[in-house]
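# Summary of the model geometry
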Amino acid sequence: VAAERDAQLPACPVSLTVNGVATTATIEPRLLLVEFLRDVCGLTGTKIGCDTSTCGACTVLVDGRAAKSCTLLAVQVQGCSVLTIEGLARGSELHPVQRAFHEHHALQCGYCTPGMIMATVSLLRDCAEPSETIIRAALKGNVCRCTGYTRIIDAVEAAGRGGGTA
Amino acid sequence: VACDDVGVVLNPMIVDGQVQGGLALGVAHALVEEFRYEEDGTPTTTNFGDYPVITVDLVPRGQLGHLVSPAPGNDLGAKGVGEAGTVGCPAAILNALADALAPFGVRHVSPPATAERVLSAIEDARQRGG
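Here goes a summary of the coordinates provided.

Definitions and limits used
Residues numbered from 1 in each chain as written. Chains lettered and ligands numbered in written order. Predicted model: local features only at pLDDT ≥ 70, side-chain atom pairs only at ≥ 80, totals over all residues. Heavy atoms only, no water. Helix = DSSP H or I, 4+ residues; strand = E, 2+ residues; numbered from the N terminus. Expected span 1.5 Å × (residues − 1). Buried < 20%, exposed > 50% of the residue type's maximum accessible area, 1.4 Å probe, protein only. Contact = heavy atoms within 4.5 Å. Disulfide = S-S within 2.5 Å. Arc of directions from axis to C-beta. Pairing = 2+ DSSP bridges. Axes fitted to C-alpha atoms, helices over the stretch in contact; angles between N-to-C directions. Phe/Tyr/Trp six-rings, centres within 6.5 Å; stacked < 30°, edge-to-face > 60°. Buried area = accessible area lost by both parts, 1.4 Å probe. Salt bridge = Lys/Arg side-chain N within 4 Å of Asp/Glu carboxyl O. Polar contact = N/O pair within 3.5 Å; in protein donor to acceptor, adjacent residues only side chain to side chain. Nonpolar A, V, L, I, M, F, W, Y, C, P; charged D, E, K, R; others polar.

Another aspect to go through is helix 4 (residues 113–126) of chain A. Residue and element names in this part refer to chain A. Across its 14 residues, helix 4 extends 20 Å between first and last C-alpha, which sits within 8% of the 20 Å expected from 1.5 Å per residue. Helix 4 sits mainly inside the fold: 12 of its 14 residues count as buried. Buried within helix 4 are the following residues: Thr113, Pro114, Gly115, Met116, Ile117, Met118, Ala119, Thr120, Val121, Ser122, Leu123 and Leu124. Buried-residue contacts for helix 4 involve strand 3 (59–62), strand 4 (65–68), strand 5 (81–83), helix 3 (96–103), helix 5 (132–138) and helix 6 (150–161).

Attention now goes to the environment of proline 13 of chain A. Residues and elements named next belong to chain A. Inspection of the secondary structure puts proline 13 in strand 1 (residues 12–18). Separated by 126 residues in the primary sequence, proline 13 and leucine 139 have C-alpha atoms spaced 34 Å apart. Discounting chain neighbours no more than four positions away, the residues touching proline 13 are Ala25, Thr26 and Gln78.

Turning our eyes to something else, we now look at the state of the cysteines. All names here are of chain A. Enumeration according to the criterion identifies 0 disulfides over all chains in this entry. Cysteine cysteine 41 is unpaired, with the sulfur of cysteine 80 as its nearest cysteine sulfur at 14 Å. Summary of cysteine pairing: cysteine 109 is not part of a disulfide, and the nearest cysteine sulfur, belonging to cysteine 146, is at 3.8 Å. The class of cysteine 109 is exposed, set by a relative accessible area of 57%.

Turning to helix 2 (residues 88–101) of chain B, a few remarks are in order. All names here are of chain B. Counted at 1.5 Å a residue, the expected span for helix 2 with its 14 residues is 20 Å, and the 20 Å between its end C-alpha atoms agrees. Turning to helix 2, its buried residues number three or more, namely Cys89, Pro90, Leu94, Ala98 and Leu101. The buried residues of helix 2 occupy an angular sector of 160° when the element is viewed end-on, so they sit on one face. Projecting away from the buried face of helix 2 at angles above 90 degrees are the exposed residues Asn95 and Asp99. On its buried side, helix 2 packs onto helix 1 (12–31) and helix 3 (115–128).

So, on to the sheet that holds strand 4 of chain A. Residue and element names in this part refer to chain A. With respect to topology, 5 strands assemble into an open sheet ordered 2-1-5-3-4, the strand pairing being mixed. Looking at the sheet topology across the chains shown, the edges are occupied by strand 2 (21–27) and strand 4. Neighbour-to-neighbour, the strand axes of this sheet turn through a mean angle of 40°, independent of strand direction. Bridging between strand 3 and strand 5 involves 2 bridges; their strand directions are antiparallel. Bridging from a neighbouring strand, valine 62 pairs with valine 82 of strand 5. Seen against the sheet, helix 2 (residues 33–40) touches strand 1, strand 2, strand 3 and strand 5 and runs at an angle of roughly 105° to strand 2. Docked against the sheet, helix 4 engages strand 3, strand 4 and strand 5, running at close to 40° with respect to strand 3.

Residues and elements named next belong to chain B. Evaluated as defined, the whole model comprises 1 aromatic pair over all chains. Here the aromatic rings of phenylalanine 35 and tyrosine 51 are separated by 5.0 Å at their centres, their planes lie at 35°, and the arrangement is tilted. Here the residue phenylalanine 35 occupies a position in the loop between helix 1 and strand 2 (64–67), and tyrosine 51 occupies one in the loop between helix 1 and strand 2, the gap between them amounting to 16 residues.

The next thing to look at is the interface of chain B and chain A. Often the size quoted for an interface is simply the accessible area lost on bringing the parts together. Taken residue by residue, the interface counts 22 residues in chain B and 22 residues in chain A. A buried area of about 1900 Å², summed over both sides, lies between chain B and chain A, and 56% of it is on carbon and sulfur atoms. In this assembly, chain B and chain A are joined by 4 salt bridges. As a salt-bridge pair, aspartate 154 of chain A and arginine 61 of chain B come within 3.0 Å of each other at their nearest N and O atoms. In this assembly, chain B and chain A are joined by 10 residue pairs in polar contact (both at pLDDT 80 or more). Its residues assigned to classes, the side of chain B that touches chain A comprises 12 nonpolar, 6 polar and 4 charged.

Encoded structure:
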């Protein structure tokens, strides 16, 4: 049984778009999307916090909607368009949500920040000017140990008012 | 309300960020977060599913104030502010809870004061009172 468990599964091809770039790789079918992004694509901005879909540090956009990339297999997003924190800025110009987080001191250690920002981008696509109540409901899948959250709420409100949609 | 003496405040935004973060940690310790162990010491809190890190929907927005007594030992007069709001917060919450539950004969609820613990404290007090 152990040999069966440890045996490498046959590699399989996967093609998807990552931050606008067509990407093809041959991977083990059990590879998680977050591992694909970090280890295959080298995009380490997406963090692994809990590996159990509880903390939200690994949040990315899959076809424009927030998804926890530790709970998706890379092969599940075959043909999809994935956006990570690295894909938000236009050159040296920060995305409005990134700028709002910077201006409102919405981060301290920064580990939750990529996931918070991607969850916020997804929220603002659904609801351009969310109230504090909506923001609190929408971001409760993303935990932050440092900030006490209020400055994150302030940043999301500001990004909404400033039209922070990608 | 949280009011700390962090000495001379060099960057109010960062200082307030630290105090609000500390307040959230204090609320978490008082009401939500706990490491649990079995009788023999085996930890039963082993992942974020078992350990509910406090989330954005549960953290109040603190009213923050400053007392400024410059530190004498350095030219800036600055002290430290790391997680400054944490210390007083659980005591304030649990004392308020004990005060609110005094009519039921409850004198103390151990943190984290979950709904289950509050109810069992009331039940214990009722049985003690006969």
